[in-house]
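# Examining the three-dimensional arrangement
As a plain string of letters, each chain reads:
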Amino acid sequence: MPARSLVALALAAASAARAADPEPQLAAPPELAGPVQAPLPPETLFPAPSVEVVLSLDVGADGRVERASLERGAGEPFDSAALAAAPTLTFRPARLEGGEPVPVTISFRVRFDAPPPPAPPPPRPVRLEGTLLERGTRRPLAGVAVEARAGERTLAAAATDAAGRFALEVPEASFRLVAAPPDHVRLDAPVEAVPGERREETWYLEAEPGGFVAVVRGERVQREVTRQVLPADEVAQVAGTQGDTLKAVLNMPGAARSAFGGGQLVLRGSAPGDSAVFVEGLELPLLYHFGGLRSTFAPRFLEAVEFVPGSFAPDYGRLTGGVVNVRVRDPAEDAAHGEADFNLYDAGAAAEGPLGKGWTAGAAFRRSWVDAILPAVLPSDANLSFQTAPRFWDYQAVASWRGEADKVRFLLFGSQDELVAILKRPAGDPAVSGTLQVDVHFHALLASWSRAFSPSLRQESTLALGLQGFETSVGPSLFFELDIRRVDARTTWAWQARPGVEARAGLDLQSAFYDIALDVPRPPKEGEPPTPLSTRPRVAARFSGELHGPAAFAEARLAPVESVSILPSLRLDYASGVRRWSLDPRLMVRWKLGEATALKAATGLYQQPPAPEESSSAIGAPHLLVQRSVQASAGLERAVAPGWDLDATAFHKWLDRMVVTNPAAAVDPSAPPYDNAGRGRIYGLEVLLRARLGERFFGWIAYTFQRSFRTDRPGRAERIFSIDQPHILTAVASWRASSRWTLGGRFRLVSGNPYTPISGSVYDAGLDVFVPVYGDVNAGRLGAFWSLDLRVDRTWTFDRWRFSAYLDVQNATNRENQEGWQYRFDYRERTPLTGLPVLPILGMKGEW
């Protein structure tokens, strides 16, 4: 309703006056005593903001309007409204000087004010639902603060959830969206919306290397004196590894350098068969493919590699060397991801993602194509032609489900290496001719279940089924065939009785059912110089059997004070091959001296049954004893500076009951071929200085001094172990120059391996072969090995995927490192046998 008011304009003379008397004087005009009610019809149009109507009113002595007329109108409906309101007006009457009320006639102005325009409705807020993802990987950016700003004002704020999603209600339609996730490009995007609009958008923010960062980790109870954890993403770009995480363990202190093409795992001076690699607790039958350039478990689903060169926890047994355990990650649960990798050596692809209802799954496959390249570059006069050139393939498949307290995972993986070649002429030995065939494969299915029954009680259990096969033959008569069916089971229960007191116990069960057929020369034991195959005694047999290795272990963790941990443990094993029990007591102590320093020490007994071929009743000695190793180590860990950590460990190992060749078997066919007369001692120092400076740089310097000696029989002189490497220095560095470029390098300097010199030869006319005459075992030593490896990565990042090209060059200086000696057929001349030449691996990878 428009506002209105009444205004008196003039006063008229009294309606009656006496002629004889002087004219009376009006002292007070009439005053409006009440509100004016002059309604207008709805939707009245105003010609101006204010409209006035002037009325002539006769106001009686009692203040009531007796008559009204239009004096100056404004048109309808304003005139009618003013006249209709006049009778309702009430005045305080006009008065003369003496105070008497008198009637008067007045002009009265009625003003109609146009009503103000209706207030605009409040703007409807913009509902913005967004997602922040890492550019190229589509990884959700969780816990990032997001703000809608207008100038310096914050209109709305939220934080992203685990999936990178956020929701804002912004009262204005034009604003800027601002977010600054750590180690990523800052988001500052203008948004022009329609009031009340509901929109969904996704922003892809490119990762960029940051400076120093603070890393907070939950500390796992350390049950070993030396245990290095190599995150898969950190070592994927280490030079010289071609992105293979498992190859990075060879850069750790305590790991000897393996000769090119060897692929052996030699830890702390122990023989290769004394150490093992496990995948989630299941022993990996074969670590590397042909040539040692690739591990048999591709790195796509690796989370980390745990490297323990000795004095390992009671969870593991049947070994006297060290342990490498591969931890497998669950497939991605945020979205579907994949990769395709193509390089000069092999090609592979992988995919993973959520399946719903708590399940995730992923699979990877890789195949080499050396078989397509090698025949083309092989010289025409080479003593080798391929029917099936060296080739391999491997695969992994993972499915995982996680509940509130339970986790279930299935892991299927396998590998195959195959080679068929023709030796055109004998290589100084008539036994080495004809067709050479090698086929090595394994397949394993592992199911695991873990459950936290309460904060103080939890368990982890696994069951694995495996198939393994090894077939090799040389010519028409030499062959070895092995087929194994394996069943492995493991369960571990942990109970925290109270703070500072924890108990762990479990079972570790192994069973193997095998079929063997062979007709081969008996292989030499470690330290025995090789002789031509034609001169060695042959072993021929065909049999089946089974081996069982049940084991139980228990460990307590006692913390009398918060800074001290004492871990006594006990492991009990049974080896069915030799029908013997073994009991291994072990002890580890750790003492933290403040936040930056820790002292550690361990000692214990580690026992290992003889190899199946050594204890077989058909071809070996079934009454052998279990081999033993007493190990002791002590060390220091210290954070020397922000981002720099030092780990130093001294160790000593005593070996006895080592399986060696029984010399009596050479003259007495009834004597067992092996006995436990071997002894050994190993000592050394391992130093690791690691650096991680923010997200741009990581690296380490690893130095190992170790000596490894053997005594083959009582009364014989002590000799050097065949892979004794006193000094091993490895320096690794990787620098992320920008989000596009990463540069890396690795330098290795290693003592040369021992070798047994040949002083001459004897011609065996019956076999038509020269037999070498050896000097003292391992009396010679090759020259030092050194190599520089370089790697460069270039990455192109798009919103939903990224593409990278890399060049990994081993032995970039093309140094001719000697791996041994190559002799003429009569051993009168020799030339150095060099190993790894310059080896560039150029590759491309797409990830989404």
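Throughout what follows, the structure given in this document is the object of discussion. Source: prediction; values computed, not measured. (Residues numbered from 1 in each chain as written. Predicted model: local features only at pLDDT ≥ 70, side-chain atom pairs only at ≥ 80, totals over all residues. Heavy atoms only, no water.)

Attention now moves to the overall build of the chain. When helices and strands are tallied, the chain shows four helices and 51 strands. The globule rule puts the C-alpha radius of gyration for 848 residues at 29 Å, and the 46 Å found for the chain is more than 25% above it. Over its C-alpha atoms, taken along the principal directions, the chain stretches across nearly 180 × 65 × 45 Å. Every one of the 848 residues in the chain was classed for burial, and the buried ones make up 46%. For the chain, the proportion of contacts with a sequence separation of at least 24, taken over those separated by at least 6, is 65%. Taken together, the 90 basic and 98 acidic charged side chains of the chain have centroids lying 5 Å from each other. (Helix = DSSP H or I, 4+ residues; strand = E, 2+ residues; numbered from the N terminus. Rg over C-alpha atoms; globule rule 2.2 N^0.38 Å. Buried < 20%, exposed > 50% of the residue type's maximum accessible area, 1.4 Å probe, protein only. Contact = heavy atoms within 4.5 Å. Lys, Arg positive; Asp, Glu negative; His and termini not counted. Charge placed at Lys NZ, Arg CZ, Asp CG, Glu CD.)

As paired elements, strand E11 (residues 145-150) and strand E12 (residues 153-159) share six bridges and run antiparallel to each other. Its bridge partner lying in E12, Val146 is registered against Ala158. Hairpin remark: E11 followed by E12, antiparallel, with two residues in the connecting loop; positive phi at Gly151, about 65°. (Pairing = 2+ DSSP bridges.)

Moving on, we come to the nonpolar core. Phe413 and Trp700 are the most contacted members of the largest nonpolar core, which totals 39 residues. Of all elements in the fold, only helix H2 (232-235), strand E18 (276-279), strand E20 (302-308), strand E21 (323-328), strand E26 (406-423), strand E27 (434-454) and strand E39 (697-711) reach the threshold of two or more residues within this core. In contact with Trp700, other than residues within four places in its own chain, are Glu234, Val235, Val238, Asn251, Met252, Leu688, Leu689, Arg690, Thr730, Ala731 and Val732. Among the nonpolar cores identified, the runner-up in size contains 24 residues, and Leu55, Leu89, Val102 and Val110 belong to it. (Core = buried A, V, L, I, M, F, W, Y, C linked by side-chain atoms within 4.5 Å.)

Turning next to helix H1 (residues 78-85). Those residues of H1 not exposed but buried are Phe78, Asp79, Ala81, Ala82 and Ala85. With its buried residues spanning 165° around the axis, H1 presents them on a single face. Contact partners of the buried residues in H1: strand E4 (50-59), strand E5 (65-72) and strand E9 (104-113). (Arc of directions from axis to C-beta.)

This part takes up the sheet that holds strand E2 (residues 26-28). The three strands lie next to each other as E2-E7-E8, forming an open sheet whose pairing is antiparallel. The outermost strands of the open sheet, each flanked by one partner alone, are E2 and strand E8 (101-102). With two bridges connecting them, strand E7 (residues 94-96) and E8 associate as antiparallel partners. Of the residues in E8, the one forming a bridge with Arg95 is Pro101.

What follows concerns the pairing of E4. In terms of burial, E4 is largely enclosed, as eight of its 10 residues are buried. Taken together, the 10 bridges between E4 and E9 define a ladder with antiparallel strand orientation. Bridge assignment links Val51 to a residue of E9, and that residue is Phe112. With six bridges connecting them, E4 and E5 associate as antiparallel partners.

This paragraph deals with the pattern of salt bridges. Per the stated rule, a full pass over the model turns up 61 salt bridges. Note that Glu303 and Arg327 form a salt bridge whose closest N and O atoms lie 3.6 Å from each other. Of this pair, Glu303 sits in strand E20 while Arg327 is found in strand E21, placing the two residues 24 residues apart along the sequence. Residue Arg327 is classed as partly exposed on the basis of its relative accessible area, which comes to 24%. (Salt bridge = Lys/Arg side-chain N within 4 Å of Asp/Glu carboxyl O.)

Cis rather than trans, the peptide bond between Glu76 and Pro77 has omega equal to 5°. Mapped onto the secondary structure, Pro77 falls in the loop between E5 and H1. The backbone phi angle of Glu280 is positive, close to 50°, even though this residue is not glycine. Phi is positive for Arg657, close to 60°, though the residue is something other than glycine. By the secondary structure assignment, Arg657 is in strand E37 (residues 644-661).

On to the side chain of Glu352, then. Tracing the backbone shows Glu352 in strand E23 (residues 346-356). Classification of Glu352 as buried rests on a relative accessible area of 6%. There is a polar contact of 2.7 Å between the side chain of Glu352 and the side chain of Arg300. A polar contact of 2.7 Å, which involves the side chain of Glu352, links it to the side chain of Arg329. The contact partners of Glu352, leaving out residues within four places of it in the chain, are Arg300, Phe301, Arg329, Asp330, Pro331, Ala332, Ala335, Ala336, His337, Ala361 and Gly362. (Polar contact = N/O pair within 3.5 Å; in protein donor to acceptor, adjacent residues only side chain to side chain.)

Right, let's get into the sheet that holds strand E17 (residues 228-231). With mixed pairing, five strands are arranged side by side in an open sheet as E17-E20-E21-E18-E19. In this open sheet, the two strands that pair with only one neighbour each are E17 and strand E19 (282-283). Here E18 pairs with E21 via four bridges, running parallel. Of the residues in E21, the one forming a bridge with Ala276 is Val323.

Mapped onto the elements of the fold, Trp848 is located in the segment after strand E51 (839-847). The exposure class assigned to Trp848 is partly exposed, which follows from its relative accessible area of 38%. Spatially, the C-alpha atom of Trp848 lies 9.7 Å from that of Arg139, the residues being 709 residues apart in sequence. Beyond its immediate stretch of four places on either side in the chain, Trp848 contacts Gly136, Arg138, Ala336, His337, Gly338, Glu339, Ala340, Ala350, Arg800 and Trp801.

Before going further, it helps to spend a moment on the packing of aromatic side chains. What characterises a pair of aromatic rings is the spacing of the ring centres plus the angle enclosed by the ring planes. A full pass over the atoms with the stated rule returns 25 aromatic pairs. Seen from their ring centres, Phe297 and Phe413 are 5.4 Å apart, and the 65° between their planes marks the pair as edge-to-face. Highlighted residues: Phe297 in the loop between E19 and E20 and Phe413 in strand E26, separated in sequence by 116 residues. Note on accessibility: Phe297 and Phe413 belong to one class, buried. An aromatic cluster is built from Phe46, Phe78 and Phe112, whose rings are joined through pairwise contacts. Over the aromatic face of Phe785 sits the side chain of Arg257, whose NZ or CZ is 3.9 Å from the ring centroid. Sitting over the ring of Phe651, Arg268 keeps its end group 4.6 Å from the ring centre. (Phe/Tyr/Trp six-rings, centres within 6.5 Å; stacked < 30°, edge-to-face > 60°. Lys NZ or Arg CZ within 6 Å of the ring centre and 35° of its normal.)

Following the sequence through the fold, Val732 ends up in strand E41 (residues 727-736). Residues Val732 and Val640, spaced 92 residues apart in sequence, show a C-alpha to C-alpha distance of 19 Å. Residues contacting Val732, with those up to four places away along its chain left out, are Val238, Asn251, Phe698, Gly699, Trp700, Gly745 and Arg746.

This next bit is on a nonpolar patch on the surface. Together, Leu355, Trp359, Phe410, Leu412, Leu445, Leu463, Leu465 and Val487 give the surface a local cluster of nonpolar side chains, amounting to about 700 Å² of exposed area. Secondary structure elements with two or more residues in the nonpolar patch: E26 and strand E28 (457-474). Mapped onto the elements, Leu412 comes out in strand E26. Judged by relative accessible area, which is 35%, Leu412 ranks as partly exposed. (Patch = residues over 30% accessible without salt bridge, like charges linked within 9 Å, V, L, I, M, F, W, Y side chains within 5 Å. Areas by Shrake-Rupley, 256 points an atom, 1.4 Å probe, with all protein chains shown as cover.)

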